[in-house]
Amino acid sequence: MPVLKRLWEYTRATQIWNSIFRHGPMDTARNRGLAVLTNVFLHLHPVKVRKSGIRLRFTWCMGGITFFLFLVETATGLLLMFYYHPTVEYAYVDIVDLREQVPLGIMRELHRWGAHAMVITVWLHMLRVFMTGSYKPPREFNWNVGVLLLVLTLLLSFTGYLLPWDQLAMWAVTVGSNMARATPLVGHEGPGAPLLKLGDITLVHAGNDARFALLGGRFVGAGALLRFYVLHCVGIPVVAMVLMAVHFWRVRKDGGISGPV
Amino acid sequence: MAFVDQIKDIVNWLSSPPRFFLLSVIAFFAVLFPGELGPAWLRRLTRPLAAIYRPRVAAVLFGFLGLLFFLSFRDPNFLLIVGKPDNVPIAAMIFLVGFFVWYSLQQGRLNDRLQESGQPVVEKQEAGDPKVLVWPDLVYTEFLCMILWTVFLIIWSIFLKAPIEEPANPAKTPNPSKAPWYFLGLQEMLVYFDPWIAGVLLPGLIILGLMAIPYFDTNPKGNGYYTFKERRLEIAIFLFGFVVLWVWLILIGTFLRGPNQNFFGPYEYWDAHKLVPLINIEFSQLMWVKLLKMPLPSNPMAREIFGLLVVGAYFLVLPRIMGRFWMKRHYEKMGPPRFYVMAFLLLTMLSLPIKMLLRWTMNLHFLVFMPEAFFNI
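Here, residues in each chain are numbered from 1, in the same order as that chain's written sequence. Labels follow written order: the first chain is A, the first ligand is 1, and so on. Local features in a predicted model are, by the rule used here, given only for residues with pLDDT of at least 70; side-chain atom pairs are given and counted only at 80 or more, and totals for whole chains, interfaces and linings are based on all residues.

A. Just the overall build of chain B, in detail. For the purposes of this entry, the term helix denotes a DSSP run of H or I that reaches at least four residues, the term strand denotes a run of E that reaches at least two, and both are numbered from the N terminus. When helices and strands are counted, chain B shows 16 helices and 3 strands. Taken over the C-alpha atoms alone, chain B extends approximately 75 × 60 × 45 Å along its principal axes. Working definition of burial: number of other C-beta atoms within 10 Å of the residue's own, with buried at 20 or more, exposed at 12 or fewer, and partly exposed in between, all C-beta atoms being placed from the backbone. Looking at the 377 residues of chain B, the share that counts as buried comes to 23%. Within chain B, counting contacts between residues at least 6 apart in sequence, those at least 24 apart form 62% of the total. Here, residues touch in the contact sense if the C-beta positions derived from the backbone fall within 7 Å of one another.

Following this line, the structure appears as structure tokens:
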């Protein structure tokens, strides 16, 4: 197709194209390296990597899949936010509407199955990193960041669990958050809490303990729904994104994907 | 049909947690160290299990288990629980974790054999090549992976609708009430420990312990390639925690725990009226009343003296013995402070299966029962 070829060559020569991509055609090693270096997203990679390191049978691509699933969750979650009110009156009805009123709609399915899959892939990623000994020096710190990201993944899933506001959601979160009651000192049924007294006044009770702070109330109600929604859509993703940036950057700074010395 | 029912009865019988968990632990060590542990007759018995690391044998085994799994859907009770849309990924997880654990161990054994014959490991053979450019080699792999997963997720979403139950009702507690599936291992611990230990302390120690792994593991070998021989103890501990104490407990919590948190076999009807006698006994009663035929002392410290001694020996004396004898090399390499922190975390981890066994064999409730001081272990 000579026309297309000429159009492509014309596009490449325009000032607009050259202002975005600061490297020449991708046929030399130098330009391929520049393509990675001059792109803010790609530059989280090193320019060159060990061939054995990027073999699928070595990495299983599990970390990459986990990150991709995070992107899927972000995109589908954003669309779901357009149609969802985090209030006791509307939350359940909005979900039912998504199911009943949207022909061929699969956004909620993508979001839910993607979340289940992400929990599993993040575990398998940890398994792979352990089994290849990739947490050993100089990558100790990045393993720590990874553990925190794993915990954040579980918390993301846990906060999202409540949002459909059905029986499964409410009672799973009730069971899960009941633990906070027993937190030492700051949970009203926890050890040490009865000791915190001013005269006859107990300082830690069901109306101000750790569980109350988590749920915004004495039980899973409107306050919990709003809190979990905000944490699910803004709070935890922001922290996770910062840690992910550190995680990927450190992979590069610690010498790329691990390999035998 | 009678034959099938008999098989189901056997599987149900085997799924009772004492048997299921014990069998799993034995199978775990037998498969991890075939022909290496225990007395000579046991080693002879488990040696053929090494065949599992041959891809063909493993493929047949996986195929057989998969077939068994799919045939099980003909059973209405199995279908009811495992066929739940939300349980589909958990069922898939069994096979995924199984496969990847097998695969990493198999790769490790492959590399071990290469090294024994004086050759470099697989990863090293390729590392001799010049490095490749990220664009195009890595970026294209990532792109392809993304497309495949997009297709996979869309197909999954089209064929399996996301479930929605009845609207939330604070006045109607479902039976059983379960935490989200990935926390079911933690919920399972609640059966054996107090809420502040099972729900707050142990999860915190799990996170802390995971983060501490790189600082405990002083073995410089096995960095950046699969191996088993060079890291036997490390791999055994990690896999025991991950496979047996995390994934296995999730399976128990998801598929075997029914109404009133009672245990049910995979082909058993979840009967809410199933009666299970509660006959748990405290260690203090066992020692004072049953063994010494004496009334319980009123002083809590005297009452719990035996339990305190056992727990004290477990956490204070055992680490010393470990450092002096069983893990001498680790002790010398890590130095006392690091070693004792590691030993504490390791013993804490092992206290869960020990507690489970004591509950199942002796109906033991707590070793130390001091509700006066929030101290029950």
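Read on, since the account is not over.
B. Local environment of the domain arrangement of chain B. All names here are of chain B. Domain start and stop points were drawn from an automatic or database domain assignment. Annotation of chain B at the domain level lists domain 1 (2-162 + 225-261) and domain 2 (283-376). Taking only C-alpha atoms into account, the centre of domain 1 sits 33 Å from that of domain 2. Every contact between the two is made by 7 residues of domain 1 and, on the other side, 6 residues of domain 2. Sorting the residues of the side of domain 1 that touches domain 2 by element identifies α2 (17-32) and α11 (232-256) as the ones contributing at least two each. No other element matches α2, which puts 4 residues into the side of domain 1 that touches domain 2. Amino acids are sorted into nonpolar (Ala, Val, Leu, Ile, Met, Phe, Trp, Tyr, Cys and Pro), charged (Asp, Glu, Lys and Arg) and polar (every other residue, Gly among them). Grouping the constituent residues of the side of domain 1 that touches domain 2 by class yields 6 nonpolar, 1 polar and no charged.

C. Fine view of the interface of chain A and chain B. Residue-level contacts link 78 residues of chain A with 69 residues of chain B. Taken together, the elements giving at least two residues each to the side of chain A that touches chain B come down to α3 (29-37), β1 (48-49), α5 (62-82), α6 (91-101), α7 (107-131), α8 (140-162) and α9 (167-178) of chain A. Of the residues forming the side of chain A that touches chain B, the biggest block, 15 residues, is contributed by α7 of chain A. When its residues are assigned to classes, the side of chain A that touches chain B shows 49 nonpolar, 17 polar and 12 charged.

D. Main features of the domain arrangement of chain A. All names here are of chain A. For chain A, the assigned domains are domain 1 (1-48) and domain 2 (49-253). One C-alpha centre belongs to domain 1, the other to domain 2, and the line joining them spans 38 Å. With 4 residues of domain 1 at the interface, the matching set in domain 2 holds 4 residues. Considered class by class, the residues forming the side of domain 1 that touches domain 2 number 2 nonpolar, 1 polar and 1 charged.

E. Broad picture of the packing of α5 of chain A against helix α8 (residues 134-159) of chain B. Here α5 of chain A crosses α8 of chain B at 55°, and the two axes come no closer than 10 Å. By the angle class used here, α5 of chain A and α8 of chain B are oblique. As for how α5 of chain A packs across α8 of chain B, the hand of that crossing is right-handed. On α8 of chain B, the residues touching G64, I65, F68 and V72 of chain A of α5 of chain A are E142, C145, M146, W149 and L153 of chain B. Fitting a line to C-alpha atoms yields each axis, with helices limited to the stretch in contact; the angle taken between N-to-C directions then spans 0 to 180 degrees. If an angle is under 35 degrees, it is roughly parallel; if it is over 145, roughly antiparallel; if it lies from 65 to 115, roughly perpendicular; otherwise it is oblique. The handedness criterion is simple: a crossing whose near helix is rotated anticlockwise from the far helix by less than a right angle is left-handed, and one whose near helix is rotated clockwise is right-handed.

F. Broad picture of helix α16 (residues 336-362) of chain B. Residue and element names in this part refer to chain B. The bend at a residue is defined as the angle formed between two axes, one fitted to the seven residues ending at that residue and one fitted to the seven starting there. The sharpest bend along α16 comes to roughly 30°, located at S351, with the proline P353 sitting one to four residues further on. When α16 is considered as a whole, its buried residues turn out to be F339, M342, A343, L352 and M356. On its buried face, α16 is in contact with α2, α9 (184-189), α10 (195-216), α11, α14 (305-326) and α15 (328-334). N363 sits one or two residues past α16 and shows a positive phi near 55°.

G. Focus on the nonpolar core. Among buried residues, those of type Ala, Val, Leu, Ile, Met, Phe, Trp, Tyr and Cys that are joined through C-beta atoms within 7 Å form a set called a nonpolar core. Ranked by size, the top nonpolar core spans 87 residues in total, and within it L162, W165, A169 and A172 of chain A carry the most contacts. Ranked by residue count, the leading element in this core is α7 of chain A, at 14 residues. Excluding residues that lie within four positions of it along the chain, W165 of chain A makes contacts with A91, Y92, M170 and L225 of chain A together with P167 and A168 of chain B. Counting 8 residues, the second largest nonpolar core, distinct from the first, contains A35, V36 and V251 of chain A together with L138 of chain B.

H. Representation of unusual backbone geometry. Cis rather than trans, the peptide bond between P137 of chain A and P138 of chain A has omega equal to 5°. When you line up the elements, P138 of chain A lands in the loop between α7 and α8. Cis geometry is found at the peptide bond from N175 of chain B to P176 of chain B, where omega equals 0°. A positive phi angle is found at C61 of chain A, which is not glycine, with a value near 60°. Mapped onto the elements, C61 of chain A comes out in the loop between α4 (56-59) and α5. Although it is not a glycine, N260 of chain B adopts a positive phi angle of roughly 60°. Considering the arrangement of structural elements, one finds N260 of chain B in the loop between α11 and α12 (283-291). The exposure class assigned to N260 of chain B is partly exposed, which follows from the 14 C-beta atoms found within 10 Å.

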